[in-house]
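Listed here are the chains, written in short residue letters.
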Amino acid sequence: MFTPLPDKPDHPALELEMLEVWEREQTFERLRERNHGGPTWSFVDGPVTANRPALGVHTAWGRTLKDVFQRYKALRGFDQRYQNGFDCQGLWIEVGVERSLGLNSKREIEEYGLEEFARRCREVVVGSSEALTRGSIRLGQWMDWGRDYFTFSDTNIEYIWKFLKIVQERGWLYLGHRSTEWCPRCGTSLSQHELTQAGVYQDRADPSLFVRFPLLDRPGESVVVWTTTPWTLPANVAAAVHPAEEYGRRENGEWVATSLFPDDRFVERKRGSELVGWRYRGPFDDLPPGSQVDHRVIPWEDVTMDQGTGIVHIAPGAGGEDFELSKVHDLPVLTPVDESGRFYDDYGWLHGVSTTEAADQIIGRLGETGFLVEAGLYTHAYPHCWRCDTPLIFRLSDDWFISVEAIRPKLLEENDRVQWVPAYMGKRMDDWLRNMGDWNISRRRYYGLPLPFYPCGCGHLNVIGSRGELAERAIEGLDQLEELRRPWIDRVPIRCESCGEAVTRIPEVGDVWLDAGIVPFATLGWENPERIPEGYGTGAARGLTKADLPDHAYWEKWFPADWVSEMREQIRLWFYSQFFMSCVLVGRSPYARVLGYEKMLDETGREMHASWGNTIAAEDAFAQMGADVMRWQFCSQPPDRNLLFGFGPAHEIKRRLLTFWNSVKFLTDYGNIEGFAPGWEQLEPTDVDLRPLDRWLVERTKQLVADSTAAYEATLTVDVVRAFDAFVDDVSNWYIRRSRRRFYSFDEAAFRTLWYALVQSLQVVAPLMPFLTDHLWRNLVQGGPASVHLAGWPDLAEPDTALLEEIAEVRRVVELGRQARSASRLKLRQPLRRLVTEGAPLAASHADEIADELRVKEVVFGEVEASELRVKPNLPVLGPKLGAKLGAIREQLARGEFEELDGGRFQVDGHVLEPDEVLVERVGRDGWAVASDAGVTVALETALDDELMLEAKLLDRVHEVNVLRRETGLAITDRIKLWLPDADLIERYRERLMSETLAVSVELGDLRIERA
Ligand SMILES: [Zn+2]
Ligand SMILES: [Zn+2]
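Residues numbered from 1 in each chain as written. Chains lettered and ligands numbered in written order. Predicted model: local features only at pLDDT ≥ 70, side-chain atom pairs only at ≥ 80, totals over all residues. Heavy atoms only, no water.

## Notes on the coordination of the zinc ion (ligand 1)
Moving on, step 1. Protein coordination of the zinc ion (ligand 1) is provided by Cys183 (SG), Cys186 (SG), Cys385 (SG) and Cys388 (SG), with donor distances spanning 2.2 to 2.4 Å.
Moving on, step 2. The coordination sphere of the zinc ion (ligand 1) comprises 4 donor atoms, whose angles at the metal cover 104 to 116°; the geometry is tetrahedral. (Donors = N, O, S within 2.8 Å, 3.2 Å for Na, K, Ca; no water. Tetrahedral: all angles 85-135°; square planar, octahedral: opposite > 155°, others 65-115°.)

What follows is the structure in structure tokens.
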């Protein structure tokens, strides 16, 4: 007996039940045990940041994809690693803790105390990692929970130290002095790749200022610049022009590029090169810094002529390119603001004012001094701190960099070997690798990787490569070293290896992408001589994980990863940092294949924001749609497009899954009535006499397996979903529909075939919907594998494509027949005389089925003459080609004055129109309904006669009686006595009435039924 199924699945309830079953039966452990020693497939998990209080639906998307492919490979017998990772350091964590403690600046953090601050940060990681684990388990993700890696472990930190020491030995590590993107709130510089994260560029309205700089040697004349950052004007030292562009002087003496002001009148014109060297009075020469500068016009090839005035204000202390120019032209560098973005005291009345507050005062002042030409507002995409959302500024800063020039060719070469899905993401990576600058790895913060740099007054830079080396060279402080972390690490001075003097560590911590980038080495035991049990649970990770630190042989076995997957923005982040570190350490890519995917938006296509109220908590989604439905939604998404996630699409998915559920329920309901008890040992129905339709479903099932296998191998879940949806439609709307009656008695071939098809389809989608499939599997399969996840992957012969194409064509004809019927507004139960179809020769041997499905008396395969051809011009294409002649051609087409040529072309008035230049429509002539698609045309004769109308009446009555049976509560197999008011029907159709209503008698009378 099968367990009877309810009318629809309760996804959340059955999922919670399956979680208990898996736990009780140790299903995952048994799966790993089964695959142990098999061929390996190496997956490395990108760490999720452990700063959120719960799993979000965005994260659930990525986790689903990871789980799907791990499950698929497990079904195929691959031995795998299932180590989950948590990212635990950096601004992500710090900013959250600052907010919860009400701290507003770095000074307040230091007053609070770095020990306590570190402990609060760790608490956040502990709480968040527990919540993320709970959410991921609820999602159905199978991982080795409890053996996770935490990037703040001392082990991870030591591996990064080792990397940095190697970088220094190669001469690639240096302290740079440059103008860089800076967050005034966080008080630190940011690196180029951090600006690529989602949400960094936001639209913002800034002041738009046109400012004139009076020329010292040309009285009454000035050069005019445009800027959107007023606070940088006090740091102005030069004005740049394009040497080859033309500049003109307006009557009022203002010089601008002529091409930007085509309507202006110019009284004098010069090339930019002729302006070079002109000296001007700076806008804030009344303040001490500006007064010492010799302001002049300089040439710059990169001045663009798309906005502004064609003359660019240059402030090397407040702009990246400006700083580079200062080196070329030996310009002075003014640094106007401090770490927190406030003006230094030598800026007089601006002292202590922030860059944003300064704007109004500066504009007012420029107005008073006559420098201001015009002030307005300008909306543009402006970079913000990815963590605290503060608008970024440029600021001069000393940062530690890794030079990328020497390794760049290797990076490009290795990236060419990586298989990227979708392919354009590989191109993005290539672009990034070609154009990225040196890697800024230092941050002026607290809770992060301590950079092991100890510069000495003697000129030597000491870099510590391991904890052991630190211990050897430490002068004091080892006994208090709780973790390799601030503040403890800062209390351990070492001896300079060059001069023997005591030196201290620089205060900076590392870029968080170093933490995640080292993972393919730190978690796999690269160059580690001996496995250390629970060796990853060190430092802050102590007590949080039982993960071992494996030995080098293990690394050899699992490196590089066969596959990694994250969202697109990780190209410049995690995909990049591990790639870079891996090319440095071992000269090769850490992964062979990547699946990237685009962004998640809400179901209407908007970004999700808590303040807009359109975010969805994973908890709510689990409770309302269920994890399988979420997973199905994630997996339906082509990776090259944004996912529009929400309850609306979930509803639609549930509706589609219900069709599948109903097919299973159909089998179990009738199977129980007829005592159907299939044996697992004979899954494929090769031992029974199959009818043609059964043989087709067997082949169709093989096709599903073949299509899904190909889709999984291409890492495209959307193609698995498409294959499954089409299969479910074929099972439900063709096989069951055409075989229904065979299930009303015990037709073994029908039961066995349907069971086979459903069981195999469960296996194929088990990785996508692990809960529902296992729930149904345990009901349908007795005496076989206890779980669909232990059933392996179906190993089936190639499908018979000739047979499949034949039935696909039959289904196309039937589908077009339905469309034609619906267009003609004839009710479905009305029988029709004739159907003519053209372009579907393979369907010819199925005329009876087509006639039956569409209720027509006769099916003719031949030319459809019952249609009229309408041809219209495809205006966007044909308009440009024909020009003025279009009107005449259009009228001739409308009058039918054209000739149909081969290959979908048409001739009109001497012009040959190509298929893409016309829109072709076939419509039924009077008395016919026509539908046409992809070369197949179906025409239905719509004329009715007495005979057809009487039969329609019969079918209406049968329908009424069957409704009545249900309303009366009769079982589907109960026999009845029937009374009808229609003498004509009883006379003409007595036998059919009885067989189609299961009546033992039919009498004349008011419509009623009785149990026989
Ligand atoms: Zn910030
Ligand atoms: Zn020294």
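The structure having been displayed, the exposition proceeds.
## Structural notes on the coordination of the zinc ion (ligand 2)
Moving on, step 1. Each protein donor to the zinc ion (ligand 2) is listed here as Cys456 (SG), Cys458 (SG), Cys496 (SG) and Cys499 (SG); together their distances run 2.2 to 2.3 Å.
Moving on, step 2. Coordination at the zinc ion (ligand 2) comes from 4 donor atoms whose angles at the metal span 102 to 116°, giving a geometry best classed as tetrahedral.
Moving on, step 3. Sequence spacing of the donor residues for the zinc ion (ligand 2), all on one chain, is C-x1-C-x37-C-x2-C.
Moving on, step 4. By relative accessible area, Cys458 is classed as partly exposed at 40%. (Buried < 20%, exposed > 50% of the residue type's maximum accessible area, 1.4 Å probe, protein only.)

## Comments concerning helix H2 (residues 27-35)
Moving on, step 1. Thr27, Phe28, Leu31 and Asn35 are the residues of H2 that are buried. Seen along its axis, H2 keeps its buried residues to an arc of 100°; they face one direction.
Moving on, step 2. Contacts made by the buried residues of H2 are with helix H1 (11-25), helix H3 (57-75) and helix H25 (770-780).
Moving on, step 3. Two residues or fewer past H2, Gly37 is found with a positive phi of approximately 85°. (Helix = DSSP H or I, 4+ residues; strand = E, 2+ residues; numbered from the N terminus. Arc of directions from axis to C-beta. Contact = heavy atoms within 4.5 Å.)

## Observations regarding empty space enclosed by the protein
Moving on, step 1. Taken as a whole and judged by the stated rule, the model has 5 cavities of 30 Å³ or more.
Moving on, step 2. By volume, the largest cavity is sized at about 80 Å³.
Moving on, step 3. Around the largest cavity sit Gly90, Leu91, Glu94, Glu194, Trp386, Arg443, Arg445, Tyr447, Gly448, Val509, Gly510 and Val512, which together line it.
Moving on, step 4. At the level of elements, helix H4 (91-101) and strand S23 (509-510) are the ones that each hand at least two residues to the lining of the largest cavity.
Moving on, step 5. Of the residues assigned to the lining of the largest cavity, the class counts are 5 nonpolar, 3 polar and 4 charged.
Moving on, step 6. Its boundaries defined by the atoms lining it, the second largest cavity holds a volume of some 70 Å³.
Moving on, step 7. Trp61, Leu65, Phe69, Leu595, Tyr597, Phe634, Gln637, Pro639, Thr715, Leu716, Thr717 and Val718 are the residues that line the second largest cavity.
Moving on, step 8. Contributions of two or more residues to the lining of the second largest cavity are made by H3, strand S25 (593-597) and helix H23 (717-739).
Moving on, step 9. No other element matches the 3 residues that H3 contributes to the lining of the second largest cavity.
Moving on, step 10. Broken down by class, the residue content of the lining of the second largest cavity amounts to 9 nonpolar, 3 polar and no charged. (1 Å grid on protein atoms, 1.4 Å probe; cavity = no way out; pocket = protein on both sides within 12 Å on 5 of 7 lines; lining within 4 Å. Points joined across faces, edges and corners; volume = space filled by probe spheres on them. Nonpolar A, V, L, I, M, F, W, Y, C, P; charged D, E, K, R; others polar.)

## Structural notes on the pairing of strand S15 (residues 393-402)
Moving on, step 1. S15 sits mainly inside the fold: 8 of its 10 residues count as buried.
Moving on, step 2. Pairing analysis gives 10 bridges linking strand S4 (residues 173-183) to S15, with the strands arranged antiparallel. Bridge pairing in S15 places Leu175 opposite Trp400.
Moving on, step 3. Here S15 pairs with strand S17 (residues 439-440) via 2 bridges, running antiparallel. (Pairing = 2+ DSSP bridges.)

## Looking at the pairing of strand S8 (residues 238-241)
Moving on, step 1. Along S8, one buried face is formed by Ala238 and Ala240 and the opposite face, lined by Ala239 and Val241, is buried too.
Moving on, step 2. Across 4 bridges, S8 lies against strand S12 (residues 296-299) in parallel orientation. Across the sheet, residue Val241 finds its bridge partner in S12, namely Pro299.
Moving on, step 3. Pairing of S8 with strand S13 (residues 311-314), which is carried by 4 bridges, proceeds in the antiparallel orientation. From the neighbouring strand, Ala240 faces S13, where its bridge partner is Val312.

## Examining the packing of helix H12 (residues 408-417) against helix H18 (residues 574-586)
Moving on, step 1. At their nearest, the axes of H12 and H18 sit 10 Å apart, and the two run at 115° to each other. By the angle between their directions, the pair H12 and H18 is classed as roughly perpendicular. The handedness of the crossing between H12 and H18 comes out as right-handed. Residues Lys410, Leu411, Glu414 and Asn415 of H12 touch H18, and the partners they reach there are Phe579, Phe580 and Cys583.
Moving on, step 2. The residue inventory of the contact of H12 with H18, partitioned by class, reads 4 nonpolar, 1 polar and 2 charged. (Axes fitted to C-alpha atoms, helices over the stretch in contact; angles between N-to-C directions. Parallel < 35°, antiparallel > 145°, perpendicular 65-115°, else oblique. Left-handed = near helix turned anticlockwise from the far one by under 90°.)

## Side note on the sheet that holds strand S28 (residues 832-838)
Moving on, step 1. Spatially, 4 strands are ordered S29-S28-S36-S35 in an open sheet, and the strand pairing comes out mixed. Of all strands in the sheet, those with a lone pairing partner are strand S29 (856-861) and strand S35 (928-933), marking the two edges. When the angles between neighbouring strand axes are averaged without regard to direction, this sheet yields 15°.
Moving on, step 2. The strands that helix H27 (residues 847-854) touches are S28 and S29; relative to S29, the one it contacts most, it runs at about 135°.

## Side note on the sheet that holds strand S38 (residues 999-1004)
Moving on, step 1. Sheet architecture is open: 3 strands sit in the order S38-S37-S39, paired in mixed fashion. On the outer flanks of this sheet lie S38 and strand S39 (1008-1011), each paired with one strand and no other. In this sheet, neighbouring strand axes are inclined to one another by 20° on average, regardless of whether the strands run parallel or antiparallel.
Moving on, step 2. The pairing of strand S37 (residues 976-980) with S38 spans 5 bridges and is classified as parallel. Its bridge partner lying in S38, Leu980 is registered against Leu1004.
Moving on, step 3. Helix H30 (residues 946-968) contacts S37 and S39 of the sheet and is inclined by roughly 50° relative to S39.
Moving on, step 4. Along the sheet, helix H31 (residues 983-997) makes contact with S37 and S38, crossing S38 at roughly 160°.

## Observations concerning the packing of aromatic side chains
Where two aromatic rings form a pair, the distance of their centres and the angle of their planes describe that pair.
Moving on, step 1. Inspection of every chain in the model, using the stated rule, returns 53 aromatic pairs.
Moving on, step 2. Aromatic rings pair up to connect Phe2, Phe666, Tyr670, Phe676, Phe743, Tyr744, Phe746 and Phe751 into one cluster.
Moving on, step 3. Sitting over the face of the ring of Trp142, Arg71 holds its NZ or CZ atom 3.8 Å from the ring centroid.
Moving on, step 4. Above the ring of Trp182, the side-chain terminus of Arg395 is found at 4.5 Å from the ring centroid. (Phe/Tyr/Trp six-rings, centres within 6.5 Å; stacked < 30°, edge-to-face > 60°. Lys NZ or Arg CZ within 6 Å of the ring centre and 35° of its normal.)

## Some details on the environment of Gly896
Moving on, step 1. Tracing the chain through its elements places Gly896 in the loop between helix H29 (886-894) and strand S31 (899-900).
Moving on, step 2. Each C-alpha atom, one on Gly896 and one on Gly535, is 83 Å from the other, the two residues being 361 residues apart in sequence.

## Concerning unusual backbone geometry
Moving on, step 1. For the bond from Val421 to Pro422, the omega torsion is -5°, close enough to zero to count as cis.
Moving on, step 2. Locating Pro422 in the fold gives a position in the loop between strand S16 (419-421) and helix H13 (423-435).
Moving on, step 3. Despite not being glycine, Asp330 shows a phi value in the positive range, around 55°.
Moving on, step 4. Mapping Asp330 onto the fold places it in the loop between helix H10 (320-329) and helix H11 (355-369).
Moving on, step 5. Residue classification places Asp330 among the exposed residues on the basis of a relative accessible area of 67%.
Moving on, step 6. The backbone of Thr715 sits at a positive phi, close to 50°, despite the residue not being glycine.
Moving on, step 7. With respect to the element layout, Thr715 can be found in the loop between helix H22 (692-713) and H23.

## Here's the deal with the packing of helix H21 (residues 647-674) against H23
Moving on, step 1. For the pair H21 and H23, the least separation of the axes is 10 Å and the interaxial angle reads 45°. When the axis of H21 is compared with that of H23, the two are oblique. The handedness of the crossing between H21 and H23 is left-handed. Contact residues: Arg656, Thr659, Phe660, Ser663 and Phe666 in H21; Val721, Phe724, Asp725, Val728, Val731, Ser732 and Ile736 in H23.
Moving on, step 2. Residue composition of the contact of H21 with H23, by class: 7 nonpolar, 3 polar and 2 charged.

Nothing here speaks to function; it is geometry throughout.
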